[in-house]
Amino acid sequence: MRLKRKRLSDTMLRAFLIFAVLLVLTSIFAKNLAPNDPYTTNIAQMKQPPSSQYPFGTDDMGRCVLSRVLYGARTSVFSALLLVTITFIFGSAVGILCGYYGGAADRIIMRIIDGIMAFPQMILAIAVSGILGGGMLNAMIALGFAGWTPYVRLARSGVLAIKNEDYIKAARFSGSGSFSIMAKHILPNIFSSLLTYATVQIGSVMLGFAGLSFLGLGVKRPEAEWGSMISEARGFLATAPWTVLYPGLALVITVMVFNYLGDAVRDRLDVHVLGGNIEIEK
Amino acid sequence: MDKALLRVDELKKTYRRGMAEVDAVRGVSIEVAESEIFGIVGESGSGKSTLLRLIAGMETASSGSIIFDNEDIRGLSVSGYHTLYRKLQMVFQSPATSFDPRMTIRRSIYEPLRNLCGIRTERELNERACELFDMVGLDPALLDRYSFEISGGQCQRAAIARAVSVRPKLLLCDEATSALDVTAQANVVELLCNLSRNLNMGILFVSHDIALVSNICRRSIVMRRGVCEECGLTKDLIGDPKTDYTKQLISSATMAI
Amino acid sequence: MEKLLQVNGLCAGYGGCDTVRNVSLDVARGEIFGIAGESGCGKSTLLKAIMELPASGVAINRGSVVFDGRNLSGLSPGEFRKIRGSEMCMVFQNASASMNPIRKIKKQAYETLRSHRKMCRCEAYDLIASVFEKLGLSDFDRIMNSCPYELSGGMNQRVAIALAMVMEPKLILADEPTSALDVTTQAQVADELMLLREKFGTSVVIVSHNIGLISRMADTVAVMHDGQIAEMGAKEKVLKNPEHPYTKSLIEVVPRLKGANCG
């Protein structure tokens, strides 16, 4: 019985990886790609449908929607990726340590986590953001305040599931210390479930930023950010739908790309799941 | 003077499950000489695996003593275990799960060579790994496979290779052949016997199969519910069983033909 | 006498592959047929092919299975479903895994029976009680009111066999029924399976890698290797005077009780 990797996973992984890279590049080079200045207002040109000068039309302040969408990528994508990366690393580390060592520290930390998770995330974010004041950095802190907790739970349960497996015992017999076991044996085996969760979180975090911006606690006007663009344009959805459509599409496509990327990476990493990435060669 | 390699004295282990207490091991004493293959026969719940784990230092005994190579190995420090594992190794029941599914066999074999034998260069590591595979009768090409890509018998041999890489004085085998086919089992058992002879290595062989134990262990004990039912020379246990349980084990083991 | 089960030139396997290659065998009524072999030889696949379990992924590529005079490949799924479970039952290796561990056994048993025949609870329980009695299982009430996790592995397996027998099937297919059990319990379950023939006249096809078990239970033995039957015949002949080299090596390698000679 020969086993071979399914080719489809590799193609899809490559495709989504390219997509994701394009998105990140867009956010970095927004300045060069934008046809107009995203902040220049022009009341005479407000709520104009898409034209050659304004490919995505203009919003209620006469600003170019395309340029704002491109600049918004910087805020939405970049900030979301940064926040998710930080919460992912911190939360997973705490979770792995708690799961591996257990004991009183584990119990105390888990109760703290329970306490934080008992609050509705957005309400907590609003409260923290309100205390700290507005701005993107404070919005990130606000969302990150509770954002790391699910990773702790996920990582911890992953560790508990494999902590007593024979290969962990064998690693101890091989002279590996605790840190070495956690880094080389435990982390790789729980990584895929954490990563999948993280990619889904990217979308949630983007929406979280949008929500905070809508309340004036995140991005401040006239800063461009997809979520705030959508909420600002709610009032004239019927008369100027492009003001909602393009930022909305951008948000949807970005979230989808990262979700599918997460799936593809997980499939690629799960080399040991028969049917997931490997099939019997006929 | 026949100095015992391992001496276990009145070992007890009690687990607390909620309000209840479970006595997994209730006062077991055994002695294993150097290069001896010693058998522990018992069914599930007999405490044989717990006994092994206590000896290996994976769990702390409630009372009793374990003297290995003239050292009390209860409650060692981290560096103490480091030293212990150069002399004491273990092979587990399920061959597939004794290797990290995300690491090649090669990487798994390198681990004890790096940590316990102090070998650093890739060339030396590769040399030793190939040597070990040769010793256990495996093709060195299998080093670059994953555990799920090779058969159970091959996996178990690789696990034995990993364990004897440090040339231990005592090898603990926890139902090491129970998950294998009859043919693979015979090969692995033959391998263990040869290694014991060639490397002057003692083996503590735990199994539920009394027939198997009778073929390779000079002395053994029968465990049941945490206590030692009978102990002594295996051929005496088989030829003249004193307890009903031992008699039951023997009758269940006999092939009808 | 007409054979209860006839397998003719069966080729079956997963995804179009042939794991089972050209297997032919007969099982008479009231016969205990043992299939011995190592892992990967196709013995479990053979059972799954005979039973045509839809979720198993096993498909018959060539050959036929005739059960009680009926060609099973000619039956519609609905007709087969009627046979499966009431005339032909399967007992698996890990009985506790085939039952919901947290539901009481009586609820699960009732559910199973109801799917075959409309009956009220009392009728169902009476039926099960009578089977338990015939098989010598005591403590009917206690067992019925327990959940599988509360009972031992051996007890679960015996309960699974009893439940399989309630419909009084003509044939029981047992796939490694004792492999997950202790040595002493294995003997008890083996005896139970032999009792089925005595009390109900049921034929049993038992598959196992444990030759000792097969030798204890079976009338006829077939040794499988690499998807084919290496040797088949009456138990005494195959096990005492094996002809095929594979059978010879297999029997040779089984550990026998003896005084130690190594170490």
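About the criteria used
- Residues numbered from 1 in each chain as written.
- Chains lettered and ligands numbered in written order.
- Predicted model: local features only at pLDDT ≥ 70, side-chain atom pairs only at ≥ 80, totals over all residues.
- Heavy atoms only, no water.
- Contact = heavy atoms within 4.5 Å.
- Buried area = accessible area lost by both parts, 1.4 Å probe.
- Salt bridge = Lys/Arg side-chain N within 4 Å of Asp/Glu carboxyl O.
- Polar contact = N/O pair within 3.5 Å; in protein donor to acceptor, adjacent residues only side chain to side chain.
- Helix = DSSP H or I, 4+ residues; strand = E, 2+ residues; numbered from the N terminus.
- Nonpolar A, V, L, I, M, F, W, Y, C, P; charged D, E, K, R; others polar.
- Axes fitted to C-alpha atoms, helices over the stretch in contact; angles between N-to-C directions.
- Parallel < 35°, antiparallel > 145°, perpendicular 65-115°, else oblique.
- Left-handed = near helix turned anticlockwise from the far one by under 90°.
- Core = buried A, V, L, I, M, F, W, Y, C linked by side-chain atoms within 4.5 Å.
- Buried < 20%, exposed > 50% of the residue type's maximum accessible area, 1.4 Å probe, protein only.
- pLDDT = per-residue confidence, 0-100.
- Pairing = 2+ DSSP bridges.
- Right-handed = clockwise from strand over helix to strand, strands pointing away.
- Arc of directions from axis to C-beta.

What follows covers the interface of chain C and chain B. Taken together, the contacts link 27 residues of chain C with 31 residues of chain B. Roughly 2600 Å² of surface becomes buried between chain C and chain B when both sides are summed, with 62% attributable to carbon and sulfur atoms. Across the chain C-chain B interface, the total number found is zero salt bridges. Where chain C meets chain B, there are four residue pairs in polar contact (both at pLDDT 80 or more). The set of elements that each furnish at least two residues to the side of chain C that touches chain B consists of α7 (183–200), α8 (211–217), α9 (235–240) and α10 (245–253) of chain C. Tallied by class, residues from the side of chain C that touches chain B come to 11 nonpolar, eight polar and eight charged.

Helix-helix packing is described using two parameters, namely the angle between the two axes and the distance between the axes. All names here are of chain A. Remark: helix α7 (residues 149–162) packs on helix α9 (residues 178–214), axes separated minimally by 9 Å, with the N-to-C direction vectors making an angle of 150 degrees. As the angle between them shows, α7 and α9 are arranged roughly antiparallel. By crossing handedness, the relation of α7 to α9 is classed as right-handed. Only H185, I186, N189, I190, S193, L194, Y197, A198 and Q201 of α9 make contact with α7, whose side of the interface consists of P150, Y151, L154, A155, G158, V159 and I162. When its residues are assigned to classes, the contact of α7 with α9 shows 11 nonpolar, five polar and no charged.

Glancing now at the nonpolar core. If you look at the biggest cluster of nonpolar residues, it comprises 55 residues, and the most contacted ones within it are A:I186, A:I190, A:M206, A:F209, A:W226 and A:F258. Ranked by residues supplied to this core, first place goes to α9(A) with 11 residues. The contacts of A:F209, once residues within four sequence positions are left out, are A:S79, A:A80, A:L83, A:M136, A:A139, A:M140, A:L143 and A:E225. The next biggest cluster of nonpolar side chains, apart from the first, holds 50 residues, and it includes B:A163, B:L180, B:L195 and B:V222.

Taken together, the contact between chain B and chain A spans 26 residues of the former and 22 residues of the latter. Of the roughly 2000 Å² buried where chain B meets chain A, counting both sides, 57% is carbon and sulfur surface. Looking at the side of chain B facing chain A, the largest losses of area belong to B:F92, B:R102 and B:E111, adding up to 31% of the total buried there. In this structure, the connection of chain B to chain A is made through zero salt bridges.

The predicted coordinates should not be examined in detail at positions where pLDDT is low. When the pLDDT values of chain C are averaged, the result is 85; 97% of them are 70 or greater. Predicted as a complex, the structure gets a pTM of 0.83 and an ipTM equal to 0.91.

A word on the pairing of strand β8 (residues 202–207) of chain B. Residue and element names in this part refer to chain B. In terms of burial, β8 is largely enclosed, as six of its six residues are buried. Here β8 shows a buried face lined by G202, L204 and V206 and a second buried face lined by I203, F205 and S207. Across five bridges, the pairing between strand β3 (residues 37–41) and β8 is parallel. Residue pairing across strands places F38 opposite L204, the latter belonging to β8. Across five bridges, strand β7 (residues 170–174) lies against β8 in parallel orientation. Directly across from L172, in β8, lies its bridge partner L204. What joins β7 to β8 is helix α6 (residues 182–198), and the crossover it makes is right-handed.

Here the focus is helix α9 (residues 244–253) of chain B. Among the residues of α9(B), those classed as buried are B:Y245, B:T246, B:L249, B:I250 and B:S252. Looking straight down α9(B), one finds its buried side chains confined to an arc of 165 degrees; they lie on one side.

Take C:L135: it is sitting in the loop between α4 (121–134) and α5 (140–144). When the C-alpha atoms of C:L135 and C:A162 are compared, they prove to be 7.4 Å apart, with 27 residues separating the residues in sequence.

We now examine the sheet that holds strand β9 (residues 220–225) of chain C. Residues and elements named next belong to chain C. With mixed pairing, the six strands of this open sheet are ordered in space as β6-β7-β8-β3-β9-β10. The strands lining the two open edges of the sheet, one partner per strand, are β6 (88–91) and β10 (228–234). Strand-to-strand, the axes of this sheet are offset by a mean angle of 15 degrees, without reference to chain direction. For β9 and β10, the ladder comprises six bridges, and the chain directions are antiparallel. In the sheet register, M224 faces β10, and the bridge partner there is I229. Packing of α10 onto the sheet brings it into contact with β9 and β10, and relative to β9 it is tilted by some 100 degrees.

All names here are of chain C. Per the counting criterion, the structure on display carries 32 salt bridges over all chains. K43 serves as the salt-bridge partner of E176, at 3.6 Å between the closest nitrogen and oxygen. Highlighted residues: E176 in the loop between β7 (171–175) and α7 and K43 in helix α1 (residues 43–51), separated in sequence by 133 residues. K43 matches E176 in its accessibility class, with the two residues each being buried. Across the salt bridge formed by E243 and K237, the nearest N and O atoms sit 3.5 Å from each other. The partly exposed category is assigned to K237, whose relative accessible area is 39%. Taken together, the shared-partner salt bridges connect R29, D68, R70, E87 and K170 into one network.

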